[in-house]
Amino acid sequence: MDDFIKQYLEYNQQWAQDKQEEDSEYFNLLAEGQHPKALLLGCSDSRVSPSVVIGADLGEVFVHRNIANVVAHSDLNFLSVFQYAVEVLKVEHIIVVGHYGCGGIQAAMSNNLYGLIDNWLANIKDVMTLHEAELNAIADEQQRLNRLVELNVFEQINNIRQTSVFRKAQQNGIAPKLHGWVYNFSTGLINVIFGPEINSSASRV
Ligand code: CO
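Cut-offs applied
- Residues numbered from 1 in each chain as written.
- Predicted model: local features only at pLDDT ≥ 70, side-chain atom pairs only at ≥ 80, totals over all residues.
- Heavy atoms only, no water.
- Donors = N, O, S within 2.8 Å, 3.2 Å for Na, K, Ca; no water.
- Helix = DSSP H or I, 4+ residues; strand = E, 2+ residues; numbered from the N terminus.
- Buried < 20%, exposed > 50% of the residue type's maximum accessible area, 1.4 Å probe, protein only.
- Domains from an automatic or database assignment.
- 1 Å grid on protein atoms, 1.4 Å probe; cavity = no way out; pocket = protein on both sides within 12 Å on 5 of 7 lines; lining within 4 Å.
- Points joined across faces, edges and corners; volume = space filled by probe spheres on them.
- Nonpolar A, V, L, I, M, F, W, Y, C, P; charged D, E, K, R; others polar.
- Contact = heavy atoms within 4.5 Å.
- Core = buried A, V, L, I, M, F, W, Y, C linked by side-chain atoms within 4.5 Å.
- Salt bridge = Lys/Arg side-chain N within 4 Å of Asp/Glu carboxyl O.

## Focus on the coordination of the cobalt ion
Stage number 1. For the cobalt ion, every protein donor is listed as Cys43 (SG), His99 (NE2) and Cys102 (SG), and the spread of their distances is 2.1 to 2.3 Å.
Stage number 2. One chain supplies every donor to the cobalt ion, and in sequence these donors are spaced C-x55-H-x2-C. Highlighted residues: Cys43 in strand β1 (residues 38-43) and Cys102 in the loop between β3 (93-99) and α5 (103-109), separated in sequence by 59 residues.
Stage number 3. When its relative accessible area of 5% is taken as the criterion, Cys43 is described as buried.
Stage number 4. On the basis of relative accessible area, Cys102 is assigned to the buried category, the value being 3%.

## Things to note about the domain arrangement of the chain
Stage number 1. When the domains of the chain are assigned, the result is domain 1 (1-33) and domain 2 (38-195).
Stage number 2. Each of domain 1 and domain 2 was reduced to a C-alpha centroid, and the two centroids are 30 Å apart.

## A short note on empty space enclosed by the protein
Stage number 1. All told, the structure shown has 1 cavity of 30 Å³ or more when counted by the stated rule.
Stage number 2. Roughly 30 Å³ of volume is contained in the largest cavity.
Stage number 3. In terms of lining, the largest cavity is formed by Ala68, Asn69, Gly98, His99, Cys102, Ile105, Val149, Asn152 and Val153.
Stage number 4. For the lining of the largest cavity, the elements supplying multiple residues, two or more each, are β3 and α8 (141-162).
Stage number 5. It is α8 that provides the largest number of residues to the lining of the largest cavity, a total of 3 residues.
Stage number 6. Class assignment for the residues of the lining of the largest cavity results in 5 nonpolar, 4 polar and no charged.

## Focus: unusual backbone geometry
Stage number 1. Although it is not a glycine, Asn69 adopts a positive phi angle of roughly 40 degrees.
Stage number 2. Mapped onto the secondary structure, Asn69 falls in the loop between β2 (61-66) and α4 (76-88).
Stage number 3. Asn69 gets classed as buried once you look at its relative accessible area, which sits at 2%.

## With respect to the environment of Val127
Stage number 1. Tracing the backbone through its elements, the reader meets Val127 in helix α6 (residues 117-130).
Stage number 2. You can call Val127 buried: its relative accessible area is 3%.
Stage number 3. Put simply, Val127 and Ala108 are 19 residues apart on the chain and 10.0 Å apart in space, counted from C-alpha to C-alpha.
Stage number 4. Apart from the residues lying within four places of it in its own chain, the contact partners of Val127 are Leu148, Leu151, Asn152, Glu155 and Gln156.

## Describing the nonpolar core
Stage number 1. Membership of the largest hydrophobic core comes to 43 residues, with the highest contact counts inside it found for Leu39, Phe82, Ile94, Ile105, Ile124, Leu148 and Ile160.
Stage number 2. With 8 residues, α8 is the single largest residue contributor to this core.
Stage number 3. Among all residues touching Ile160, those that are not within four sequence positions of it are Val71, Phe82, Ile94, Val96, Phe166 and Leu178.
Stage number 4. The next biggest cluster of nonpolar side chains, apart from the first, holds 9 residues, and it includes Ala38, Leu40, Ala56 and Tyr183.

## Details of the pattern of salt bridges
Stage number 1. Under the definition given, this model contains 4 salt bridges.
Stage number 2. Among the salt bridges present, the one from Arg147 reaches Glu134, with a minimum N-O distance of 2.5 Å. Of the two residues, Arg147 sits in helix α8 while Glu134 sits in helix α7 (residues 132-136), which places them 13 residues apart along the sequence.
Stage number 3. Salt bridges sharing partners connect three or more residues here, namely Glu134, Arg147 and Glu150.

As structure tokens, then:
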């Protein structure tokens, strides 16, 4: 077995033992069920682990991740996670977490062909088309990429609003609160760009 795989499994044994010793009910409580307060949609990037950077313990956040934290209306995988989170788990918050330095966003902005993934990245190209004027006005490439990361978070929140699940929840007066965050893996800090605590007209694109 590769050394690092062996290390992971050894760590797991020790971790499970430590948890059990710390709190003999820890795993029993988790086994009884989950009551997460939030659904997190993040990027698959290994440097970005939303539950780690907000210190959420097991059972606290329901998580879905894909390349560039996209909400595609034909993606049954995300839509199923979303429906379960809203209708069964009744999460109170939905947090879209993008991140600066996102390779998916960078790839979408370039004109290179990457194969199958280009079809997924077309979702980001749609965001670019929607905000073409704003993006073209930014001369600095890094700043333009950072802005596209933010605009992508706004547009994925808009996509969430269009889903049948969200609209039904709204009709029933139980729509979760929507939040947009951008994580910076160079500093470890989250930039809050959208949410009920922010003046939405100022933060909207
Ligand atoms: Co990314």
